[in-house]
Amino acid sequence: MTEQSPFKPATIPDGKRIVDGNVYMNNGEGGLDPVETIKPQDLLQDEVVRKILGFWIAASDQISRLKEHVVSDLDDFEALLAQEYDTSIGGKRGNKTFFSIDRLFRVEVRITDHIDFGPELQIAKALVDECVNDWASDARPEIRAIVNSAFQTEVEGKVNRSELIKLTKLDIEDERWQRGMKAIRDAQRVIGSKTYIRCYRRDTFDGPWSAVPIDMAKA
């Protein structure tokens, strides 16, 4: 197994500059202030912030290296497994789960695709609007609500993917609707993917699993 390097805080510059033998610090406007003119509490705050950032940046870098080590270790294990038994551990779309023998520890690898929608989506919207307008008063309120929500963009400027998926699951036989749903499916395209690694533990073989968080909010 790959060994982790010892933890050390990152080197953070102290922000001080010496000009003609005098000590200055950059201020927030790009200028220089003599150190002796800066309030003691501001100097103390500056010191605390730089100290915290040193540990925080180092921890962030170590977590990045940890993920690389974990992926490398699992890849090495699977390569050995494939060589020895001509098989691999895997699930749908590359998702994998690894266990300790006593089933007290578990590592999960999950791959999540990032989905975007192409120009076919505009065709889908036109077909769906045509259906809803023709149905008029016969259209169920919940269908209108899903349609209105599906084609509205979210805060990030992306369409509401979950609502679009809901549309494709509605059982409507209208031929125009079916073409619209096909257009939605055809519009989906994978623009990238991200690998998530989660670790779990429990006290007994039949006890509940608890996630081992690497999250400042949950620490």
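Residues numbered from 1 in each chain as written. Predicted model: local features only at pLDDT ≥ 70, side-chain atom pairs only at ≥ 80, totals over all residues. Heavy atoms only, no water.

(A) Examining the pattern of salt bridges more closely. For the structure on display, the rule yields 12 salt bridges. Between Arg176 and Asp174 there is a salt bridge whose closest N-O contact spans 3.0 Å. You can call Arg176 buried: its relative accessible area is 16%. Residues Asp186 and Lys182 are paired through a salt bridge, measuring 2.8 Å at the closest nitrogen-oxygen approach. Taken together, the positions of Asp186 and Lys182, both in helix α5 (residues 175-187) and 4 residues apart, correspond to about one turn of that helix. Given the relative accessible area of 48%, Lys182 is considered partly exposed. One continuous salt-bridge network, built from bridges that share partners, spans Glu130, Asp134, Asp174 and Arg176. (Salt bridge = Lys/Arg side-chain N within 4 Å of Asp/Glu carboxyl O. Buried < 20%, exposed > 50% of the residue type's maximum accessible area, 1.4 Å probe, protein only. Helix = DSSP H or I, 4+ residues; strand = E, 2+ residues; numbered from the N terminus.)

(B) Spatial organisation of unusual backbone geometry. Within the chain, Asp20 stands out as a residue other than glycine whose phi angle is a positive 55 degrees. Take Asp20: it is sitting in the loop between β1 (16-19) and β2 (22-26). What makes Asp20 exposed here is its relative accessible area of 76%. One non-glycine residue, Arg103, adopts positive backbone phi at about 60 degrees. A residue is classified by how much of its surface remains accessible, and Arg103, at 41% relative accessible area, is partly exposed.

(C) Structural view of the side chain of Thr168. For Thr168, the location among the structural elements is in helix α4 (residues 161-168). A distance of 2.7 Å separates a polar atom in the side chain of Thr168 from the backbone oxygen of Ile165. Once residues lying within four places of it in the same chain are set aside, the contact partners of Thr168 are Met181, Ile184 and Arg185. (Polar contact = N/O pair within 3.5 Å; in protein donor to acceptor, adjacent residues only side chain to side chain. Contact = heavy atoms within 4.5 Å.)

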